[in-house]
Every structure is written in C-alpha cells, then in structure tokens.
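Chain residues, written in single-letter form:
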Amino acid sequence: RLFAKIAAGDWDVVIVPHSSFGMISLSQETEERFLEAQLRLADAALKQAEEDQEEGSRFKSIGVKAAEALIKKLENRMDAARSKKRDRLVTFEQMGVDDLTIDESHEFKNLQYSSNLSGVRGMGNPSGSDKALDMYMKIRLLHENKGAVAFMTGTPISNSAAEIYSIMRYL
C-alpha cells in the first residue's frame, strides 16, 4: 500500500528506509535485461581468465574460479527473477522516481566486480551482495532515464580501493 501511495501521489520527497527500498521490485523485463548485460561481462571475464591461465600470463585476470562463481551467482539471480512472485501492483519504474539520495551509502559498498589483481588483501568478495546489486540496477535505470543520484556517508572508504571503484560505478 505504501508503494502504491507513493506512485499515486505528487510528492516532492519520499523517505524510505533501506529495508523497505529493497522490497521495491524492478519490472521483470528490466531486471532480466540488466542481468543479461552483466552475464555478458562475466563471460568475457571468464574467457580472459582462461586465456591467461593457458598462457601462464604474468598478469593474472580475475581467476577462473572467481569468474565462474560470479557467473553462477548471476545465473541464480536470473532464475530467481524469472520465477519470483512479485508485487505486480507497482514496480520501481512506475513509481516515478527521478532523483535518489542514499544516506549511509556505505551499506551498498559490496558491489560485484572483476579485477586482474588476485590475492590482494581487503578486496572483498568479487561476487558482491544482492543488496548492492539491487541498488546498482535501480541506479543504472535512473541514469538511463536521466535521473539524479547522490550518495551520502560518513564512512566512504573503510577498507580498500575496490570500495572506491564500486562507489564510482554507482555514480
């Protein structure tokens, strides 16, 4: 009901906690389109990792196991997107969001990534979290529609350069 009220109203500002924001679904088509693009990137990373492994390259790519794990996670998310029972009443696209300001944005720092660095401490989990991926998809949609995004946090970077990279990908 809350999301329907938001979509139907002419609000200047709506404040929603992180826990509720994750419950706002993207349309199935948008989520599948995004995940397919991510799968193509992960497949390219896997091919590069396999080539580097075969050549014994001095410069290592993401690593075959890490790339396979990332692909598996994305495939699982795609399967879940196709079979998930959704609240079909209102999707994120229908809510009319054109500006998103995220407080405590460090909560979304665990975005999936690929890197040609391996064995570096503090890089975090390359397959990321579902919470961060959900936020990333919504922000990408806003960027496509010329929307605005702002991140606010008191702890922008606590552990690694991978966090800087993730935040820059969002923005």
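Structure's up top.
Residues numbered from 1 in each chain as written. Predicted model: local features only at pLDDT ≥ 70, side-chain atom pairs only at ≥ 80, totals over all residues. Heavy atoms only, no water.

**Section: the pattern of salt bridges**
Pairs can form between side chains of opposite charge once their charged atoms are near each other. Heads up, the condition is: Definition used for salt bridges: Asp or Glu carboxyl oxygen within 4 Å of a side-chain nitrogen of Lys or Arg. Only DSSP runs of H or I reaching four residues or more are called helices, and only runs of E reaching two or more are called strands; each is numbered from the N terminus.
Applying the stated criterion across every chain, the model contains eight salt bridges. Notably, a salt bridge pairs lysine 131 with glutamate 107, separated by 3.1 Å at the nearest N-O pair. Remark: glutamate 107 occurs in the loop between strand E1 (99-102) and helix H5 (130-144) and lysine 131 occurs in helix H5; sequence separation between them is 24 residues. Through salt bridges that share partners, Glu31, Lys73, Arg77, Asp130, Asp134 and Lys138 make up one connected network.

**Notes on the packing of helix H3 (residues 28-55) against helix H4 (residues 64-83)**
In plain terms, the rule: Geometry is summarised by axes, namely lines fitted to C-alpha atoms with helices restricted to the contacting stretch, and by angles between N-to-C directions that run from 0 to 180 degrees. Relative orientations are named as follows: roughly parallel for angles under 35 degrees, roughly antiparallel for angles over 145 degrees, roughly perpendicular for angles from 65 to 115 degrees, and oblique for any other angle. Each crossing gets its handedness from the near helix: less than a right angle anticlockwise from the far helix is left-handed, clockwise is right-handed. Three residue categories are used. Nonpolar comprises Ala, Val, Leu, Ile, Met, Phe, Trp, Tyr, Cys and Pro, charged comprises Asp, Glu, Lys and Arg, and polar comprises the others, including Gly.
Two elements in contact, H3 and H4, have axes whose closest approach is 9 Å; the angle formed by their N-to-C orientations is 165 degrees. What the angle tells us is that H3 and H4 run roughly antiparallel. Judged by the sense of rotation from one axis to the other, the crossing of H3 with H4 is left-handed. The residue inventory of the contact of H3 with H4, partitioned by class, reads 13 nonpolar, three polar and nine charged.

**Considerations on the side chain of aspartate 134**
We count it as follows: Throughout, a residue-residue contact means that at least one pair of heavy atoms, one from each residue, lies within 4.5 Å.
Secondary-structure assignment places aspartate 134 in helix H5. Apart from the residues lying within four places of it in its own chain, the contact partners of aspartate 134 are Phe21, Gly22 and Arg77.

**So, the nonpolar core**
Generally speaking, nonpolar side chains in soluble globular proteins are found buried as a group. The condition is simple: Working definition of a nonpolar core: buried Ala, Val, Leu, Ile, Met, Phe, Trp, Tyr and Cys residues. They are joined through side-chain atoms within 4.5 Å. Burial classification: accessible surface area is computed with a 1.4 Å probe over protein chains only, and a residue below 20% of its type maximum counts as buried, one above 50% as exposed, and the rest as partly exposed.
Counting residues in hydrophobic clusters, the biggest one holds 37 residues, and the most contacted among them are Leu35, Ile102, Met135, Ile139 and Tyr170. Elements represented by at least two residues in this core include exactly helix H1 (2-8), H3, H4, E1, H5, strand E2 (148-151) and helix H6 (161-170). In this view, tyrosine 170 contacts Phe108, Leu111, Ala132, Met135, Tyr136, Ile139, Arg140, His143 and Phe151; residues no more than four positions away in its chain are not counted.

**Structural notes on H6**
Cut-off, in case you're wondering: The directions considered for the arc run from the helix axis to the C-beta atoms.
Of all the positions in H6, only Ala162, Glu163, Ser166, Ile167, Arg169 and Tyr170 are classed as buried. Buried residues in H6, looked at end-on, bunch into an arc of 155 degrees, giving them a common side. Counted as exposed and oriented over 90 degrees from the buried face of H6: Ala161 and Met168. In this structure, the buried side of H6 is in contact with H3, H5 and E2.

**A few points about the packing of H3 against H5**
Here H3 crosses H5 at 105 degrees, and the two axes come no closer than 11 Å. Between H3 and H5, the crossing angle belongs to the class labelled roughly perpendicular. In this structure, H3 uses Thr30, Glu31, Arg33, Phe34, Leu35 and Gln38 to contact H5, whose residues at the interface are Leu133, Tyr136, Met137, Arg140, Leu141 and Glu144. Along the lines of polarity and charge, the residues of the contact of H3 with H5 split into six nonpolar, two polar and four charged.

**Thoughts on a nonpolar patch on the surface**
Formally: Every patch collects residues that have over 30% relative accessible area and no salt bridge, joining them within 9 Å if they carry like charges and within 5 Å if they are nonpolar side chains (Val, Leu, Ile, Met, Phe, Trp, Tyr). Accessible areas in this description were obtained via Shrake-Rupley with a 1.4 Å probe; residue shielding takes into account the shown protein chains only.
Taken together, Ile157, Ile164 and Met168 make up a surface patch of nonpolar side chains, about 300 Å² in accessible area. Mapped onto the secondary structure, isoleucine 164 falls in helix H6.

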